[in-house]
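# Per-entry structural report
Each chain is listed here by its residues.
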Amino acid sequence: MMATLMGREIDRAVRHDVSTTGGVLSHLVRERGAALMSRCQILAGQPALKIYFFGKDAKDARNDWATVTSYAFDSLAQLHASAAMITDQDGRALGESGTPIADRSLRTSNAGVVSALRGESWLGVAAHDGKLTLAVSVPILEPVNHYVKGSLTAYSDIESSVALDLRKTTGSEIAFVYHGDVMGSSLPCALHFDAPREDPCVISVAGERYLVLYAPLPETPSDAGMGFVTLTPFNSAMALANRLRYLLLIISAIALTLTLASGNVVARGITRPLSGVVAAALTLQQGGWPAKLDTTRTDEIGLLQSVFNDMTTAMRASQERLLELIDKDPLTELDNHRRFQERLAQEVIRCRQSGDPLFLLLIDIDHFQQFNHHYGHAAGDEALKRVAVLIRNVAPETAAISRYGGEEFAMLLPDTTAKAAEETAERIRTTIRNGENTSELLTVSVGIAEARPDTDESEGLTLAAELAVSRAKQLGRDRICRFESALGSDEDMDPHKLHRFLKDGSIATIQALAAAVDAKDTYTQGHSARVAEYSRDLAEYIGLHNDVVELMFITGTLHDVGKIGVPDAILKKPGRLDEEERAIMETHPVLGEVIVRKAPQLASTLPGVRHHHERWDGNGYPDGLSGDSIPHMARLLALADTFDAMTSDRPYRKGMAVEIALDEIARGAGTQFDPQLAPPFVTMMSARYPNLKAA
């Protein structure tokens, strides 16, 4: 009977290790998968990829395996991935960064690709090129009608580094197994391992014996052959069994003693301490942590109390370790994004009630994708750890620091001043720039935002800081920008309230938001409404689908929303802007993209919001796109936006006459404007003014 109980206890301990490791691994897969998914979705929408599918040389590109494969290789640094694959709408591979596919004409049965071709993003664990990987597949959409035209799949290897991270967290050795082959391990393993699927067994690794148990990887079928193995040192398991055996012997001796003992004095001396153990066990069973038992006795009962105390302490330490994992980023050991959001919400409420100031700093490492590409992902991880340490070293004691995203960090500064917040940001910037590793120079861009007295939700403060850091990166990086909001201004145009508009997304709400944006500059009132009208009419005039016509109206209404992130002193300046002010003004398309990206239902407007100031000849902004690489909707918007700007009055000039403006647009066809769109726009607008004089 005792051997059976010991066997059950060892089995329970090993299965507990598997369950704990599985839970931690599932959390790790979701967290890393979400980051990889976000990067894939951004890459799938970039013009540089879409030109292979929709540009003038798209047909040649689709037939050019080397060209698309080269793009897949170049994408790895942006994706932080091990491999990437691009397919057409039929699921046939167009290019792959890993081992070339033997027959490219075959349609893939990859579950992720199949989902992406249905228009659905996919995340899971998959086998690729003989390895276990975290895999993500996203659709590539046609820019105008948003049909699925292909898929982008990224793979991130699950290897020994992941096993080592898990060992640090769970305390257990772990190996990843694919059809018996060890793909990665926290300790040296044999090249092949036939893992038991139901019961633990004993194996030897490097002269040490381990109790091992296999389990399928999270989000994988049990028969897929993809799993992990926990390895519990045999001596540790036997020590537990010996302790249990000793405890059972003690309990048996106590029971015998109780049976044979006589007299109330003896009975009370034994049953009272045992009652304490029982009461503590009941507290533990109900989810509480019992007070530590008195262990002054030196007899068997004292030993029982001591063993119970040790067991409770070990259980509590294990739980605290798991709770810490939920809140901590395993790489940098800072608070993770989830914990940051909790802390931010708490601080916003506290500061609103107390009236105390609160500042948020977002710290983004510049050109980190290029860094990873040049030095490798292992060096990138070390750089993230180093930056985390440097930020922690210069932060005030009251600061709450977290890893906000892939290469972004966040810092909350309660009970401080704007000057102190900016000084902290500058210390961070200079400390990282002047780091010890001059061969691996890193710089950061920092965005600062302050919670307003009427801020009652955290999303707006985060958005304000994101706008500030985006402006810093657009202005050249390695600098600090602070979001400036005017108290008492229309709250509809303030990021601290803006998220409420974004959650709604109705036409009426979008129009109200655009009106608030236009109200920041008295000389552009009605601009967004007119651009929306001209854009919609042009789309209809050239025969685009009704859905696209409606989309152009929404995008035209939203196209200047990024001006919310431009300081009022620049927007309302009565004279011409100087070079520095113009550079700040030209950040508004990117800031608009940051804002609109917060509303998934408005994602189809993003190409127009970001690119409506690009020029056909490539001399526009923010990305210097040219020709067909400029999204079609952005080319339509450019005509409507420019026409309204030319015909509107400014403090330093009178608006052009309509005929002069149309003549300028006609002359700009092929340089500033799409040569196929400018003539129909001129014709359409001329028909509205039948009495135009010849220019």
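Position labels on residues start from 1 in each chain and follow its written sequence. A pLDDT threshold of at least 70 governs which residues receive local features in this predicted model, and a stricter bar of 80 or more applies before side-chain atom pairs are shown or counted, although totals over entire chains, interfaces and linings include all residues. Hydrogens and water are ignored here; the side-chain numbers use all heavy atoms of the structure.

### A short note on the packing of aromatic side chains
Centres within 6.5 Å make a pair out of two Phe, Tyr or Trp rings, where for Trp the six-membered ring is used; the pair is then stacked when the planes are under 30 degrees apart, edge-to-face when over 60, and tilted otherwise. Applying the stated criterion across every chain, the model contains five aromatic pairs. Plain terms: the ring middles of Tyr534 and Phe643 are 5.5 Å apart, the flat faces sit at 75 degrees to each other, and that makes the pair edge-to-face. Here Tyr534 is found in helix H17 (residues 527–541), whereas its partner Phe643 is found in helix H23 (residues 632–647), with 109 residues between them in sequence. Residues Tyr534 and Phe643 agree in their burial class; the two are buried. A centroid spacing of 5.7 Å and a plane angle of 75 degrees characterise the contact between Phe643 and Phe681, whose relative ring orientation is edge-to-face. Placement of the pair is Phe643 in helix H23 and Phe681 in helix H25 (residues 678–688), with a sequence separation of 38 residues. Residue burial is assigned from relative accessible area. The probe radius is 1.4 Å, only protein chains are included, and a residue is buried under 20% of its type maximum, exposed over 50%, and partly exposed in between. For Phe681, a relative accessible area of 0% puts it in the buried group. Cluster of aromatic residues (ring-pair linked, three or more members): Phe368, Phe371 and Tyr375. A helix here means a DSSP run of H or I that spans at least four residues, while a strand means a run of E at least two residues long, and both kinds are numbered starting from the N terminus.

### Overview of the pairing of strand S7 (residues 181–185)
Between any two strands, pairing holds if DSSP finds at least two bridges. When strand S6 (residues 173–178) meets S7, the two strands line up antiparallel, connected through four bridges. By the bridge assignment, Phe176 is partnered in S7 with Gly184. In sequence, S6 turns back onto S7 through a hairpin of two residues, with His179 there showing a positive phi of about 50 degrees.

### Focus: the sheet that holds strand S2 (residues 93–96)
Backbone-to-backbone hydrogen bonds pair the strands of a sheet. The strands run either parallel or antiparallel. Sheet architecture is open: five strands sit in the order S2-S1-S5-S4-S3, paired in antiparallel fashion. Both outer strands of the open sheet, S2 and strand S3 (122–128), are each paired with one neighbouring strand and no more. Strand after strand, the sheet turns through a mean of 25 degrees between neighbouring axes, direction not considered. Across seven bridges, S3 lies against strand S4 (residues 131–141) in antiparallel orientation. Bridge assignment links Ala126 to a residue of S4, and that residue is Thr133. Between N-to-C directions, angles span 0 to 180 degrees; the directions come from axes that are lines fitted to C-alpha atoms, helices contributing only their stretch in contact.

### Some thoughts on unusual backbone geometry
Most peptide bonds take the trans form, and the phi angle of most residues other than glycine is negative. Pro622 follows Tyr621 through a cis peptide bond whose omega is 10 degrees. Tracing the sequence through the fold places Pro622 in the loop between helix H22 (606–611) and H23. Despite not being glycine, Arg477 has its phi angle at roughly 70 degrees, a positive value. Along the chain, the position of Arg477 falls in the loop between helix H14 (458–474) and strand S15 (480–482).

### A closer look at the sheet that holds strand S13 (residues 408–414)
Here we have five strands laid out as an open sheet, ordered S12-S13-S11-S14-S15, and mixed in their pairing. Because the sheet does not close on itself, it has two edges, and the strands there are strand S12 (400–403) and S15. Recorded for the sheet is a direction-independent mean angle of 15 degrees between the axes of neighbouring strands. Of the strand pairs in this sheet, S12 and S13 are connected by four bridges, and their pairing is antiparallel. Each bridged residue has a counterpart across the sheet, and for Arg403 the counterpart in S13 is Phe409. Along the sheet, helix H10 (residues 337–354) contacts strand S11 (358–365), S12 and S13; its crossing angle with S13, the most-contacted strand, is approximately 25 degrees. Against the sheet, helix H13 (residues 418–433) contacts S11, S13, strand S14 (444–450) and S15, and its axis sits at roughly 20 degrees relative to S11. In what follows, residue pairs with any heavy atoms lying within 4.5 Å of each other are defined as contacts.

### Brief notes about the side chain of Thr557
Position of Thr557 relative to the elements: it lies in helix H18 (residues 546–558). Contacts described as polar in this section are N or O atom pairs within 3.5 Å, which, within protein, must combine one atom able to donate a hydrogen with one able to accept it, while residues neighboring in sequence count only if both atoms come from side chains. Polar contacts involving the side chain of Thr557 include one to the main-chain carbonyl oxygen of Phe553, which spans 2.7 Å. Those residues in contact with Thr557, other than ones at most four positions away along the chain, are Ile510, Gln511, Ala514, Ser528 and Ala532.

### Quick look at the confidence of the model for the chain
For every residue, the pLDDT score states the predictor's confidence, bounded by 0 at the bottom and 100 at the top. On average, the chain scores 78 in pLDDT, and the residues at 70 or more come to 72%. pLDDT under 50 marks residues 262–267. Its contacts with residues more than four places away, or in other chains, come to one contact.

### Considering the environment of Lys598
When you line up the elements, Lys598 lands in the loop between helix H21 (588–596) and H22. Accessibility expressed as a relative area gives 39% for Lys598, which makes it partly exposed. For the pair Lys598 and Leu463, spaced 135 residues apart in sequence, the C-alpha to C-alpha distance is 8.7 Å.

### Some remarks on helix H12 (residues 377–394)
Every helix has an expected span of 1.5 Å times one less than the residues it contains. In this model, H12 (18 residues) spans 26 Å end to end at C-alpha, consistent with the 26 Å of a helix rising 1.5 Å per residue. For H12, the full list of buried residues reads Ala379, Gly380, Ala383, Leu384, Val387, Ala388, Ile391 and Val394. The inward-facing, buried residues of H12 abut S11, helix H11 (368–375), S12, S13 and H13.

### Focus on the pairing of strand S5 (residues 148–157)
The element S5 is extensively covered by neighbouring structure, given that eight of its 10 residues are classed as buried. Pairing geometry for strand S1 (residues 83–88) and S5, over six bridges, is antiparallel. Considered in S5, the bridge of Thr87 is made with Ser151. Pairing of S4 with S5, which is carried by nine bridges, proceeds in the antiparallel orientation.

### Description of the packing of H23 against helix H24 (residues 658–667)
At a minimum axis separation of 9 Å, H23 and H24 run at an interaxial angle of 140 degrees. The angle between the axes of H23 and H24 places the two elements in the oblique class. Once H23 is placed against H24, the crossing between them reads as right-handed. Between H23 and H24, the contacting residues are Leu639, Phe643, Met646 and Thr647 on the first element and Val658, Ala661, Leu662, Glu664 and Ile665 on the second. Residues are grouped as follows: Ala, Val, Leu, Ile, Met, Phe, Trp, Tyr, Cys and Pro are nonpolar; Asp, Glu, Lys and Arg are charged; all remaining types, including Gly, are polar. Residue composition of the contact of H23 with H24, grouped by class: seven nonpolar, one polar and one charged. Oblique is the label for every angle not falling under 35 degrees (roughly parallel), over 145 degrees (roughly antiparallel), or within 65 to 115 degrees (roughly perpendicular). Handedness of a crossing follows from how the near helix is turned relative to the far one, being left-handed for an anticlockwise turn of less than a right angle and right-handed for a clockwise one.

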